Amino acid sequence: PPTPSNNDDNNNNNNNNNNNNNNNNNNNNNNNTNNNNPKTDNEQNDTKSNNNKLKEISVDGFELKKIDNNHYTLSVTNDVSNIHIKATPEDSKSKVSGAGNRDLKVGENNIEIVVTAEDGSKNTINIKVTRKDGYDLEDLNSIVKNSKINDVEIKINADSKLTANDMEKIKNSKKKLNFSYYNNKKLMYTWIIDGSQLDSPHDLLTTVSDDSDNKKDVLKLSNYADGLFVALQQRNSLPAGAKLKLFVGDKFSDGDSVNVYSYASGGDKLQLVKNKITVEDGYIIFDIVNSSDYFVTMTELSNTEKAAPIEKSKSFPIIPIVVFIVGLCSLGIVILFLVKKRKKQDDQTPIHSNPVANITTAPTSTVTAEPSSSVQNTNAVNANQTMNTAYTNYSSGPVNSQTNGTVDGGYINPNV
């Protein structure tokens with residue numbers, strides 16, 4: 001066979017190079033095609049909004065406490081079993097989930113509000129809502145305003161104080177409220193306050209203890225009977241109509257019959273508040289009277305007197321009094337008007353003068369009469385005697401004139 005020439009080899013190499021170049025061109029074309037596709041997708045994503053923020057978030061009837069843009073807290077009373085959440089996104093194209101009506105269990109409730117932007121990015125807002133298992137003193141405002149709540153228990157601390165403003169709110173609500181102190185989940189005492197019985201509101205210190213400064217006096221007056229001392233920290237201005245529910249289970253047994261006495265500092269007798277109270281579930285209930293020291297005993301004590309309850313002061317009937325005063329003033333005005341009117345009429349009435357009334361006897365007047373032994377008084381004038389007199393007629397001015405007058409029946413008959 002003929003031997004291949006070098007030219008043939010060169011041609012083959014050139015063909016191979018061309019083929020490689022073609023392949024490279026094809027690869028480049030493919031790369032260009034691949035590069036064009038992602039660019040188109042990015043352009044589409046760039047046109048979508050990534051705003052997943054909230055413009056506003058709120059809960060109907062309550063005020064959220066903001067921790068930061070993504071965390072809020074809220075505490076509600078035990079009677080609130082659900083809430084309504086409103087959430088508005090900044091971008092109208094964003095979607096919000098988790099808002100609306102949400103049921104609440106007692107304790108902590110973690111609620112998530114999710115804002116999804118147009119481009120799919122998400123933003124989660126957390127609201128921690130605590131539903132209380134009861135009421136405490138800070139809930140008093142909502143309790144007195146809620147017409148559906150009455151005769152509920154409000155937890156207090158050992159040193160809690162009801163202010164005069166708190167007592168005024170209870171009075172205006174006319175509700176019966178129970179303020180209870182617990183020690184290690186055990187109810188120790190409850191102040192039962194009836195708003196409809198309250199008088200002038202005062203601060204109330206709610207602390208109740210068994211430590212009394214008057215123990216010696218109480219023991220002596222009780223003839224050293226066995227019993228339980230009860231001391232109120234509030235020493236005066238006790239609320240009218242209040243009662244005290246007291247745990248006595250450490251001293252007495254269920255079914256025991258006990259008597260409650262009060263003691264006024266410096267007094268010489270104990271006063272019976274209530275007798276024959278049956279201990280039930282370790283508790284007794286008795287009225288608060290005008291005293292801060294009480295003695296609970298099973299012994300019926302002698303030489304005592306009945307304790308008087310705190311009575312609500314009687315207020316004056318303001319409206320009838322005001323009506324009476326207004327009526328009295330009106331009557332006075334009418335009388336004054338009539339008097340002035342009568343006086344004005346009198347001033348306008350013309351006066352017709354009697355000549356006799358206008359005659360004033362001058363001190364120089366003389367009477368000429370024959371002496372008579374029958375005349376007892378020389379100044380008297382008998383009938384038919386003639387006298388001269390000077391008078392002044394003030395109705396026509398100071399004019400002096402002389403006239404002769406005849407005495408007739410003891411009276412002067414002037415010849416005018």
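Residues numbered from 1 in each chain as written. Predicted model: local features only at pLDDT ≥ 70, side-chain atom pairs only at ≥ 80, totals over all residues. Heavy atoms only, no water.

This part is about the overall build of the chain. Looking only at helices and strands, one finds five helices and 26 strands in the chain. Expressed as a percentage of the 416 residues in the chain, the buried residues total 30%. Taking as baseline every contact in the chain between residues at least 6 positions apart, the subset at least 24 positions apart corresponds to 60%. Just so you have it, the chain exposes about 27700 Å², and 46% of that area is on carbon and sulfur atoms. (Helix = DSSP H or I, 4+ residues; strand = E, 2+ residues; numbered from the N terminus. Buried < 20%, exposed > 50% of the residue type's maximum accessible area, 1.4 Å probe, protein only. Contact = heavy atoms within 4.5 Å. Areas by Shrake-Rupley, 256 points an atom, 1.4 Å probe, with all protein chains shown as cover.)

This paragraph deals with the layout of surface pockets. It is a probe the size of a water molecule, rolled over the atoms, that shows where empty space is left. Reported here for the largest pocket is a volume of approximately 300 Å³. Along the walls of the largest pocket sit 18 residues, with F62, S75, V76, T77 and S142 positioned nearest its centre. In terms of residues, the lining of the largest pocket owes the most to one element, strand β3 (residues 71–76), which gives four residues. The space that makes up the second largest pocket amounts to roughly 260 Å³. Looking at the second largest pocket, it is lined by 13 residues, and the ones nearest its centre are M188, S209, D210, L246 and F247. (1 Å grid on protein atoms, 1.4 Å probe; cavity = no way out; pocket = protein on both sides within 12 Å on 5 of 7 lines; lining within 4 Å. Points joined across faces, edges and corners; volume = space filled by probe spheres on them.)

Take the packing of aromatic side chains next. Here the structure, examined in full by the defined rule, presents four aromatic pairs. Look at Y181 and Y189: their rings are 5.3 Å apart centre to centre, the planes differ by 35°, and that puts the pair in the tilted class. Of the two residues, Y181 and Y189, both sit in the buried class. A ring pair is formed by F286 and Y294, whose centres lie 5.4 Å apart and whose planes are at 45°; its orientation type is tilted. By relative accessible area, which is 1% here, F286 ends up buried. Judged by relative accessible area, which is 2%, Y294 ranks as buried. (Phe/Tyr/Trp six-rings, centres within 6.5 Å; stacked < 30°, edge-to-face > 60°.)

The next point concerns the nonpolar core. F179, W191, I284 and I288 are the most contacted members of the largest nonpolar core, which has 43 residues in total. Look past the residues within four positions of I284 in its chain and what remains in contact with it is L244, K245, L246, V248, V258, V260, I277, T278, V279 and V296. Residues L54, V59, I83 and V129 belong to the second largest nonpolar core, which totals 18 residues. (Core = buried A, V, L, I, M, F, W, Y, C linked by side-chain atoms within 4.5 Å.)

Before going further, it helps to spend a moment on the confidence of the model for the chain. Interpretation of this model should avoid reading the predicted coordinates in detail wherever pLDDT is low. In this model, the chain carries a mean pLDDT of 80, and residues with pLDDT of at least 70 account for 70%. Here residues 355–403 is a poorly scored stretch, pLDDT under 50, and it has 57 contacts once near neighbours within four places are set aside; other chains count. (pLDDT = per-residue confidence, 0-100.)

Before going further, it helps to spend a moment on helix α3 (residues 164–173). The set of residues buried in α3 consists of D166, M167 and I170. The buried residues of α3 occupy an angular sector of 95° when the element is viewed end-on, so they sit on one face. Those residues of α3 hidden inside the fold are in contact with α2 (140–145), β11 (161–162), β12 (176–183), β13 (186–194) and β14 (204–205). Downstream of α3 by a residue or two, K174 has a phi angle that is positive, lying close to 60°. (Arc of directions from axis to C-beta.)

With that settled, the discussion passes to the side chain of T206. Residue placement: T206 occurs in the loop between β14 and β15 (208–209). You can call T206 buried: its relative accessible area is 1%.

This part covers the sheet that holds strand β10 (residues 153–156). In sheet architecture, strand pairing relies on hydrogen bonds along the backbone and comes in two forms, parallel and antiparallel. Strand order in the open sheet formed by six strands is β9-β10-β12-β13-β17-β20, and the pairing between neighbours is mixed. Of all strands in the sheet, those bounded by a partner on one side alone are β9 (135–136) and β20 (283–287). Here five bridges tie strand β17 (residues 243–247) to β20, and the two strands are oriented antiparallel to one another. What sits directly across from K243, in β20, is D287. (Pairing = 2+ DSSP bridges.)

Positive phi, close to 55°, is recorded for D151, a residue that is not glycine. You can see D151 is positioned in the loop between α2 and β10. Residue classification places D151 among the partly exposed residues on the basis of a relative accessible area of 46%. Positioned with a positive phi, S237 is a non-glycine residue whose angle comes to about 50°. Its place among the elements puts S237 in the loop between β16 (227–232) and β17. A residue is classified by how much of its surface remains accessible, and S237, at 37% relative accessible area, is partly exposed.

Attention shifts here to the sheet that holds strand β8 (residues 122–131). Judged by pairing direction, the sheet is mixed, and its five strands sit side by side in the order β2-β3-β8-β7-β5 without closing on themselves. Because the sheet does not close on itself, it has two edges, and the strands there are β2 (65–68) and β5 (95–97). The average undirected angle you get between the axes of adjacent strands in this sheet is 20°. Relative to β8, β3 runs parallel, the two sharing six bridges. Each residue of the ladder has a partner; that of S75, found in β8, is T130. (Axes fitted to C-alpha atoms, helices over the stretch in contact; angles between N-to-C directions.)

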